[in-house]
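Fold and contact review
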Amino acid sequence: MVNRTGKATEFAKLHVKGTPLVLYNAWDAGSAKAVADGGAMAIATGSWSVAAAQGFADGQALPLDLLLQTAGQIVRAVDLPVSVDFEGGYATEAKEVGQNAARLLDSGAIGLNFEDRIVGGDGLHPVADQARKIAAIRAAAETAGVPLFINARSDVFFQKNSAPHADLMDEALTRAKAYADAGANGIFVPGLSDLGLIKELSDSQALPVNIMRMGDSTDIGDLASAGAARISHGPGPYIAAMEALSKAAVQLYQ
């Protein structure tokens, strides 16, 4: 427990505005060890990659038991803090989300992503409902005695047919404040890439901002200058690894 608490505390300290924690997302024990051997400060999974590696689609199609098993395998494979993409918590009611989070904590993970997208549906959960679920996760972490890093993901900027991102900033700020008040430690906004808007979001609310970088689409230094405190890579590492594997197979068999 002391080691896990220390890892959680150190993980939180790595989120520094302007000097971001860079995460190259893993999907199993082997990929996590490879990333760790490359010099990573922490390990984070991506739900799309974890599901795809086991033959499932994204969106909680991967059974919860398999996700928890994978999380435990990653924790045992590396001596680094591990954060797990927990999607929507595999439940819609706050109480059950908290119970599932407690099970994830049992795997040894010290952080999680928790999203406000309606998994399997359209749109986002109401702010108050999502805040109650975040509060339930925080309560589960306190019961377990772990300072869990809750990275509250908001898909405000990641919806189909969404409005111009500048017009969505007020909603993003409202959600960030509500999530922070409920116990979140960070705000994750996939889809947001405009450096000016990233700076506005970073400057206008208290949570460290997590930006998802696809490939080399945006320079890490530019994201840091805009105020990002965490940069993740989503499914990019898995896609790159599978493309390299497929290319090698083609050269071998054709």
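Refer to the structure printed above.
Since the model is a prediction, treat every value here as computed from it, not as a measurement. Counting from 1, residues in each chain are numbered in the order their sequence is written. In keeping with the predicted nature of the model, local features appear solely for residues at pLDDT of at least 70, side-chain atom pairs appear and are counted solely at 80 or more, and the whole-chain, interface and lining totals rest on all residues. To obtain the side-chain values, all non-hydrogen atoms of the structure were included, while hydrogens and water were left out.

1. Some points on the sheet that holds strand β1 (residues 21-22)
One bridge is not enough; two strands pair if DSSP finds at least two bridges between them. Each helix is a run of H or I in the DSSP string that is no shorter than four residues. Each strand is a run of E no shorter than two, and both are numbered from the N terminus. As summarised here, the arrangement of the 8 strands in space is β1-β8-β7-β6-β5-β4-β3-β2, forming an open sheet in which the pairing is parallel. Two strands lie at the open edges of the sheet, namely β1 and β2 (43-44), each paired on one side alone. Here strand β3 (residues 82-85) runs beside strand β4 (residues 111-115); their pairing, made up of 3 bridges, is parallel. Its bridge partner being in β4, D85 is matched across the sheet by N113. Should any heavy atoms of two residues lie within 4.5 Å, those residues are considered in contact. Throughout, an axis means a line fitted to C-alpha atoms (over the contacting stretch in the case of helices), and angles, computed between N-to-C directions, take values from 0 to 180 degrees. Sheet strands touched by helix α6 (residues 127-144): β4 and β5 (149-153). Its angle to β4, the strand with the most contacts, is close to 165°.

2. A short note on the packing of helix α4 (residues 64-77) against helix α5 (residues 94-106)
Where α4 meets α5, the closest approach of the two axes is 9 Å, and the angle between their N-to-C directions is 30°. When the axis of α4 is compared with that of α5, the two are roughly parallel. Contacts between α4 and α5 pair L64, D65, L68 and A71 from the former with N100, R103 and L104 from the latter. Each residue receives one of three labels: charged for Asp, Glu, Lys and Arg, nonpolar for Ala, Val, Leu, Ile, Met, Phe, Trp, Tyr, Cys and Pro, and polar for the others, Gly being one of them. Within the contact of α4 with α5, the residues separate by chemical class into 4 nonpolar, 1 polar and 2 charged. The labels follow the angle: roughly parallel below 35 degrees, roughly antiparallel above 145, roughly perpendicular from 65 to 115, and oblique for the rest.

3. A closer look at the packing of aromatic side chains
Whether two aromatic rings pair depends on their centres lying within 6.5 Å, for rings of Phe, Tyr and Trp, where Trp uses its six-membered ring; planes under 30 degrees apart make the pair stacked, over 60 edge-to-face, and the rest tilted. Applying the stated criterion to the full structure yields 4 aromatic pairs. Taken together, a centroid distance of 5.4 Å and an interplanar angle of 85° make the contact between F11 and F149 edge-to-face. Taken together, the positions of F11 in helix α1 (residues 2-13) and F149 in strand β5 put the pair 138 residues apart, joining distant regions of the chain. Exposure is judged per residue with a 1.4 Å probe applied to protein chains only, and the accessible area is read against the type maximum: over 50% gives exposed, under 20% gives buried, and values in between give partly exposed. A relative accessible area of 3% places F149 in the buried class. Seen from their ring centres, W27 and Y238 are 5.1 Å apart, and the 90° between their planes marks the pair as edge-to-face. With W27 in the loop between β1 and α2 (29-37) and Y238 in helix α10 (residues 236-253), this pair connects stretches of sequence that are 211 residues apart. Y238 carries the same exposure label as W27, and that label is buried. Every member of this aromatic cluster is reached through a ring pair, and the members are W27, W48 and Y238.

4. Overview of the environment of L124
Tracing the backbone through its elements, the reader meets L124 in the loop between β4 and α6. It is 25 Å that separates the C-alpha atoms of L124 and R103, two residues lying 21 residues apart in sequence. What L124 contacts, discounting residues up to four positions off in sequence, is D116, R117, I118, D155, V156, Q159, E171 and R175.

5. Re the pairing of β5
The side chains of a regular strand alternate between the sheet's two faces. In terms of burial, β5 is largely enclosed, as 5 of its 5 residues are buried. For β4 and β5, the ladder comprises 5 bridges, and the chain directions are parallel. What sits directly across from N113, in β5, is N151. A crossover links β4 with its parallel partner β5, the connecting element being α6, and its sense is right-handed. In terms of strand pairing, β5 meets strand β6 (residues 186-188) through 3 bridges, oriented parallel. Paired with R153 across the two strands is F188, which belongs to β6. Orienting the strands away from the viewer, one traces the path from the first strand over the helix to the second; a clockwise path indicates a right-handed crossover.

6. Looking at the environment of G123
Along the polypeptide, G123 turns up in the loop between β4 and α6. Between the C-alpha atom of G123 and that of E171, which follows or precedes it by 48 residues, the distance is 13 Å.

7. A few points about the pattern of salt bridges
For this analysis, a salt bridge means a side-chain nitrogen from Lys or Arg found within 4 Å of a carboxyl oxygen belonging to Asp or Glu. Under the definition given, this model contains 14 salt bridges. Among the salt bridges present, the one from E115 reaches R117, with a minimum N-O distance of 3.0 Å. When its relative accessible area of 25% is taken as the criterion, R117 is described as partly exposed. In this structure, E171 and R175 form a salt bridge, with 3.1 Å as the shortest nitrogen-oxygen distance. Note that E171 and R175 are positioned in helix α7 (residues 169-182) at a spacing of 4 residues, about one turn of the helix. Look at E171 and you get partly exposed, because its relative accessible area is 32%. Judged by its relative accessible area of 4%, R175 is buried. Linked through salt bridges whose partners overlap, the residues forming this network are E115, R117, R153 and D155.

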